[in-house]
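# A look at the structure
Below are the chains, spelled out letter by letter.
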Amino acid sequence: MDRRQLLASGATGLIAIQFGPGPQPQTGTISGHIAYGAPDFLYVPLEIPAGVNRLTVDYTYDRPALPPGQNGNALDIGLFDEHGFELGDEKGFRGWSGGFRSSFTVAATDATPGYLPGPIRKGTWHIVLGPYTVHPHGLNYTINVNLEFGPAGPAFRPNPAPPRATGRGTAWYRGDMHLHTVHSDGRRTPAEVAAAARAAKLDFIVSTDHNTSSAAAVWGEFAGPDLLIIDGEEITTRNGHYTALGLPAGTWIDWRYRAVDGALARFVQQIHRAGGLAVAAHPLATCVACGWKFGYAGLDAVEVWNGPWTLDDEAVLAGWDNLLVAAAREGRADWIPAVGDSDAHSEPQVVGLPHNVVFAKALDRRSVLDGVRAGRLWIAESAAVDLAFTATAQGRSAGIGERLRVPDDTLVTVTLQVSGVAGCAVRLITDQGQRYGTVLGPDPAATVTWETTARNARYVRAEVRRQQPTATTADTMVALTNPIFLGA
């Protein structure tokens, strides 16, 4: 939706907050009412005069008791500067805090996490309000905007993370690709996330704060030869969330659309042009607007395991397996890989539960993304778990994410070597479902073999499960692999 469409829709029909010239600090206040069924986003114009060096916003809204069976009030907030607020207008974006903060400040020298430091120029700015949920009686809000005047001060100096770490050459690297900090709705600082990643024995992480690029400017302080930090974003649309992995520092992806708007392809293309990957996040999450409604065309992966194993993950895994069957049936090379991430926001959520073990030529942004894109990865509960998974025939072999090209009737030997999983159940899954299963003994390391043909198994993938129920599932996932495809 362009600006003219936004205006025509009534999304900006709010009174502007006006200010006089400096140099004394000024406060402008506006109160309003958002009706039940309002547009997803509303825009409050701010007429910013010359000479401002700091802009501070605080807001409140009423939160009456929840009506039976319905949602109460939740109001998100963000900021666009004088460059504009059109859909996808990266130049105008100045920050987003969702509903996590009741105030924020922006200046040339600094900004509240989630917001971008920079000059406060004269012109029409806009506060964006996102009525996430609205009580049937509506939502009453009050916004206060404080302006301070004076010299801008020294410009903020970004410190982005380097694109590579030392690594071990061509190897399997462990990484959590869905993490939050205080730059969105997490309670861990970037320093704490980096420390938790190192404690979990991860080689890389991807920073995916909601709807903002602000954390990219600080990760350089916390990366190092032992930890690659890759920039990203979790894009939280009103019809589901997806992560952008591997964005150049400062790149921002818009989230202000639903599936019916037909806008997703535009932003996935933006991610791809920037060299990144687009991944459907927690597709069956039950929170409002979290469930994925866009389909998977054009995406690079799907997050089948999000945080501790639950029934949601079990259902996503089954749906992803159906996508594999369709790809195998149609002989397509563009199958969609599975990933797993912690989505950790704060204690006691565990960074690295789960994480991806990615085959990459080096520990750098491009190599890691290449491994994810190709499906050369498996998912682990923790660094205590290790495995190797191969298929061999006629003196040739293929590993996770690869294809073993053999005639349909050639005997193929599938081998799973696994350690750190004593007493767990192993399942080998094909396009026909589970074809082999066994329970491992007390030895923490074991090897499982199974024979099949490409005619009987167009692909094979492995699952390792602890025979321990969760609150919603009969057992607990410990590790799972992407498939090995068999046949021409």
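What you see is a predicted model, and the numbers here were worked out from it, not measured in a lab.

## Regarding the overall build of the chain
Within the chain, the secondary structure is distributed over five helices and 28 strands. At 25 Å, the chain has a C-alpha radius of gyration in line with the 23 Å of a compact globule built from 488 residues. Seen along its three principal axes, the alpha-carbon backbone of the chain occupies a region of about 80 × 50 × 40 Å. For the chain, with 488 residues in total, the buried portion stands at 56%. Within the chain, counting contacts between residues at least 6 apart in sequence, those at least 24 apart form 72% of the total.

## Observations concerning the sheet that holds strand β19 (residues 386–393)
The antiparallel open sheet is built from four strands, whose spatial order is β20-β19-β22-β25. In this open sheet, the two edge strands, each paired with only one partner strand, are β20 (396–399) and β25 (445–453). When the angles between neighbouring strand axes are averaged without regard to direction, this sheet yields 20 degrees. Of the pairings in the sheet, the one linking β19 to β20 comprises four bridges and is antiparallel in character. Directly across from Ala393, in β20, lies its bridge partner Arg396.

## A look at the state of the cysteines
Following the criterion strictly, the structure yields one disulfide and no others. The partner cysteine of Cys287 in its disulfide is Cys290, sulfur to sulfur 1.8 Å. Judged by the sign of its S-S torsion, about -110 degrees, the bond between Cys287 and Cys290 is left-handed.

## Observations concerning the pairing of strand β26 (residues 459–466)
For β26, a buried count of seven out of eight residues is recorded, marking the element as mostly surrounded by other parts of the structure. Sheet topology places strand β23 (residues 425–430) next to β26; six bridges connect them, and they run antiparallel. Along β26, the bridge assignment pairs Thr430 with Val460. Both β26 and strand β28 (residues 484–486) contribute to a ladder of two bridges, which runs antiparallel. Across the sheet, residue Tyr459 finds its bridge partner in β28, namely Phe485. Two strands pair when backbone bridges link them, and β26 and strand β27 (residues 476–481) are joined in this way by four bridges, in the antiparallel orientation. Bridge pairing in β27 places Arg466 opposite Thr476.

## Structural notes on the packing of aromatic side chains
For the coordinates displayed, the defined rule picks out 19 aromatic pairs. Among the aromatic residues, ring-to-ring pairing joins Phe41, Phe80, Phe93, Trp96, Trp252 and Trp255 into one connected group.

## Let's talk about unusual backbone geometry
Of note, the amide linkage connecting Gly22 to Pro23 takes the cis form, showing an omega dihedral of 10 degrees. Its place among the elements puts Pro23 in the loop between β1 (17–18) and β2 (26–34). Residues Glu347 and Pro348 are joined by a peptide bond in cis, for which omega reads 5 degrees. Relative to the assigned elements, Pro348 resides in the loop between β16 (338–341) and β17 (355–360). Phi at Gln394 takes a positive value of approximately 55 degrees, unusual for a residue other than glycine. Given a relative accessible area of 53%, Gln394 falls into the exposed group.

## What about the pairing of β27?
Each regular strand carries side chains that alternate between the two faces of the sheet. Counting buried residues along β27, six of its six residues qualify, which places the element largely inside the surrounding structure. Note that strand β18 (residues 377–380) and β27 share three bridges and pair antiparallel. Looking at the pairing, Ala380 lines up with Ala479 of β27.

## Section: the sheet that holds strand β6 (residues 93–98)
One open sheet holds the five strands; their spatial order is β1-β3-β8-β5-β6, and the pairing between them is mixed. Sheet topology places β1 and β6 at the edges, where each strand pairs with a single neighbour. By the bridge criterion, seven bridges tie strand β3 (residues 42–48) to strand β8 (residues 123–133) in an arrangement that is antiparallel. Following the sheet pairing, Tyr43 is matched in β8 by Val128.

## Section: the confidence of the model for the chain
Close inspection of predicted coordinates is inappropriate for parts of the model with low pLDDT. For the chain, per-residue confidence averages 95 on the pLDDT scale, and residues scoring 70 or more make up 97% of the total. For the stretch residues 1–12, pLDDT sits under 50, and the model shows 16 contacts to residues farther than four places along the chain or on other chains.

## Observations regarding the pattern of salt bridges
For side chains of opposite charge, pairing can occur when their charged atoms come near one another. In this structure the tally under the stated criterion is 22 salt bridges. Note that Asp203 is salt-bridged to Arg168, the shortest N-O span being 3.2 Å. With Asp203 in the loop between α2 (190–199) and β11 (204–207) and Arg168 in the loop between β9 (139–149) and β10 (171–179), this pair connects stretches of sequence that are 35 residues apart. Residues joined by salt bridges that share partners form a network here, namely Glu314, Asp321, Arg427, Arg461, Glu463, Arg465 and Asp475.

## Some remarks on α2
Three or more residues of α2 are buried, namely Pro190, Val193, Ala194, Ala196 and Ala197. The arc that holds every buried residue of α2, seen down its axis, measures 160 degrees, which confines them to one face. Next to the buried residues of α2 lie β10 and β11. Once α2 finishes, Lys201 follows within two positions and takes phi at roughly 65 degrees, a positive value.

Reading the values: rules and limits
- Residue indices follow the written sequence of each chain, beginning from 1 at its first position.
- Where totals are concerned, whole chains, interfaces and linings use all residues; where local detail is concerned, this predicted model gives features only for residues with pLDDT of at least 70, and gives and counts side-chain atom pairs only at 80 or more.
- Here the side-chain values reflect all heavy atoms present in the structure, with hydrogen atoms and water set aside.
- In this description a helix means any DSSP run of H or I spanning at least four residues, a strand means any run of E spanning at least two, and both kinds are numbered starting from the N terminus.
- Atoms counted for the radius of gyration: C-alpha only. Globule rule: 2.2 Å times residue count to the power 0.38.
- The classification of residues rests on relative accessible area computed with a 1.4 Å probe and restricted to protein chains. Under 20% of the type maximum is buried, over 50% is exposed, and intermediate values are partly exposed.
- For this analysis, residues touch if any pair of their heavy atoms sits within 4.5 Å.
- If DSSP finds at least two bridges between two strands, the strands pair.
- Fitted lines through C-alpha atoms serve as axes, helices being fitted only where they are in contact, and the angles separating the N-to-C directions of these axes extend from 0 to 180 degrees.
- What counts as a disulfide here is a pair of cysteine sulfur atoms lying within 2.5 Å.
- The criterion for an aromatic pair is that two Phe, Tyr or Trp rings (for Trp, the six-membered ring) have centres within 6.5 Å, with stacked assigned to planes under 30 degrees apart, edge-to-face to planes over 60 apart and tilted to the rest.
- Summary of the metric used: pLDDT quantifies the predictor's per-residue confidence within the range 0 to 100.
- In the sections that follow, a salt bridge refers to a side-chain nitrogen of Lys or Arg positioned within 4 Å of a carboxyl oxygen of Asp or Glu.
- Summarising the geometry, the arc corresponds to the directions from the helix axis toward the C-beta atoms.

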